Amino acid sequence: MSVLILPDQPKYVAWRHRMVQQLRQKGITDENVLKAMDKLPRHWFAGNTLLDHILYDVDQAVAIDCGQTISKPYTVAWQTQLLQLNPFMSVFEVGTGSGYQTAVLCEMGARVYTVERHAPLFRKTKELLAALRYTHAHCFLGDSWDGIPEMKDFLYDRILVTCGAPTLPEGLMRQLKVGGMMVIPVGTTEQRMLRIRKEGEEPSQWQVEDHGNAKFVPMLEGRNF
Ligand code: SAH
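Residues numbered from 1 in each chain as written. Predicted model: local features only at pLDDT ≥ 70, side-chain atom pairs only at ≥ 80, totals over all residues. Heavy atoms only, no water.

## Section: the pairing of strand β8 (residues 191–198)
- Among the 8 residues of β8, 6 are classified as buried, and the element is accordingly described as predominantly covered.
- Bridging between strand β7 (residues 176–186) and β8 involves 6 bridges; their strand directions are antiparallel. Paired with Met182 across the strands is Ile196, a residue of β8.
- Counting the residues between successive antiparallel strands, the hairpin from β7 to β8 contains 4 residues, one of them, Gly187, with a positive phi of roughly 145°.
- Looking at chain direction, β8 and strand β9 (residues 206–214) are connected through 7 bridges and run antiparallel. Each residue of the ladder has a partner; that of Leu194, found in β9, is Asp210. (Buried < 20%, exposed > 50% of the residue type's maximum accessible area, 1.4 Å probe, protein only. Helix = DSSP H or I, 4+ residues; strand = E, 2+ residues; numbered from the N terminus. Pairing = 2+ DSSP bridges.)

## Thoughts on the pattern of salt bridges
- Scanning the model with the defined rule gives 14 salt bridges in all.
- In this structure, the salt-bridge partner of Arg16 is Asp8, at a minimum N-O distance of 2.8 Å.
- Given a relative accessible area of 33%, Asp8 falls into the partly exposed group.
- The partner of Asp59 in a salt bridge is Lys72, with the nearest N and O atoms 4.0 Å apart. Here Lys72 lies in the loop between β2 (69–70) and α5 (73–82) and Asp59 lies in the loop between α4 (52–55) and β1 (62–63), a separation of 13 residues in the sequence.
- Here the residues in one salt-bridge network are Lys26, Asp59 and Lys72, joined through shared partners. (Salt bridge = Lys/Arg side-chain N within 4 Å of Asp/Glu carboxyl O.)

## Observations regarding the environment of Val217
- Looking at the element boundaries, Val217 is found in the segment after β9.
- Between the alpha carbons of Val217 and Thr135 there is a distance of 27 Å; along the sequence they are 82 residues apart.

## A short note on the packing of helix α2 (residues 31–39) against helix α6 (residues 100–107)
- Close contact between α2 and α6 brings their axes to 9 Å; oriented N to C, the two are set at 120°. If you check the angle between α2 and α6, you find them oblique. The hand of the α2/α6 crossing is right-handed. Here Ala36, Met37 and Lys39 of α2 lie close against α6, whose contacting residues are Tyr100, Val104 and Glu107.
- A breakdown of the residues in the contact of α2 with α6 according to their chemical character gives 4 nonpolar, no polar and 2 charged. (Axes fitted to C-alpha atoms, helices over the stretch in contact; angles between N-to-C directions. Parallel < 35°, antiparallel > 145°, perpendicular 65-115°, else oblique. Left-handed = near helix turned anticlockwise from the far one by under 90°. Contact = heavy atoms within 4.5 Å. Nonpolar A, V, L, I, M, F, W, Y, C, P; charged D, E, K, R; others polar.)

## Considering the sheet that holds strand β4 (residues 111–116)
- In spatial order, the strands read β5-β4-β3-β6-β7-β8-β9; together these 7 strands make up an open sheet with mixed pairing. Of all the strands in the sheet, the pair left with one neighbour each is β5 (137–141) and β9. Going from strand to strand, the sheet's axes swing by 15° on average, the running direction of each strand aside.
- α5 contacts β6 (156–161), β7, β8 and β9 of the sheet and is inclined by roughly 165° relative to β9.
- Those strands touched by α6 are β3 (90–94), β4, β5 and β6, and its axis lies near 170° from that of β4.

Given below as structure tokens:
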């Protein structure tokens, strides 16, 4: 199967600049996040060009396949900024979805291990990321509640959850390096955006910071093949 990569156009470049300005106004200050989002054509990831103008609206999530969404630009910027990423860090992402967030992380120099539970989305996005030459994006199909079996002995610098988790997944916390951080929206219908700093192996050494309200599609158990 070949992947259709829509060309970038001056109007998209202009919309991205405007989007980045709005992100600054909304409090995003991490220049590496802003640079990555200024560079990356978001319409590559959404599939539906009829919605292209909405895609660059900082506050719009847009529907993708399998009843899922591509997170709104503000959310992507906010979560990525909270990660305090440095180049070459390993990041485990829960919820590959469109692959946009994965590509933002790759643009920032991260090595990304990303998992998606919907098989059609997994296949499409894996192929797209490969066609775009994101060689540091490693895609897996499965339920990420306890991490992925192929990577069970690996420890990540960062974990980013892009769906709403009902509770804190302890199994995932165990796959963080000491000194690492997890950014995760926790809650059922609405969530709180938490950043957890792992300062030791014991849960009592996991420092939880609350960064405010969030709204995500739910983190579900089990695969959907
Ligand atoms: N990062 C994505 C956001 C996608 S929305 C983007 O930039 O487009 C969240 C995604 O999480 C959905 O695709 C959903 O299918 C997936 N998801 C939900 N529960 C999951 C689980 N337990 N394991 C893996 N993926 C999950």
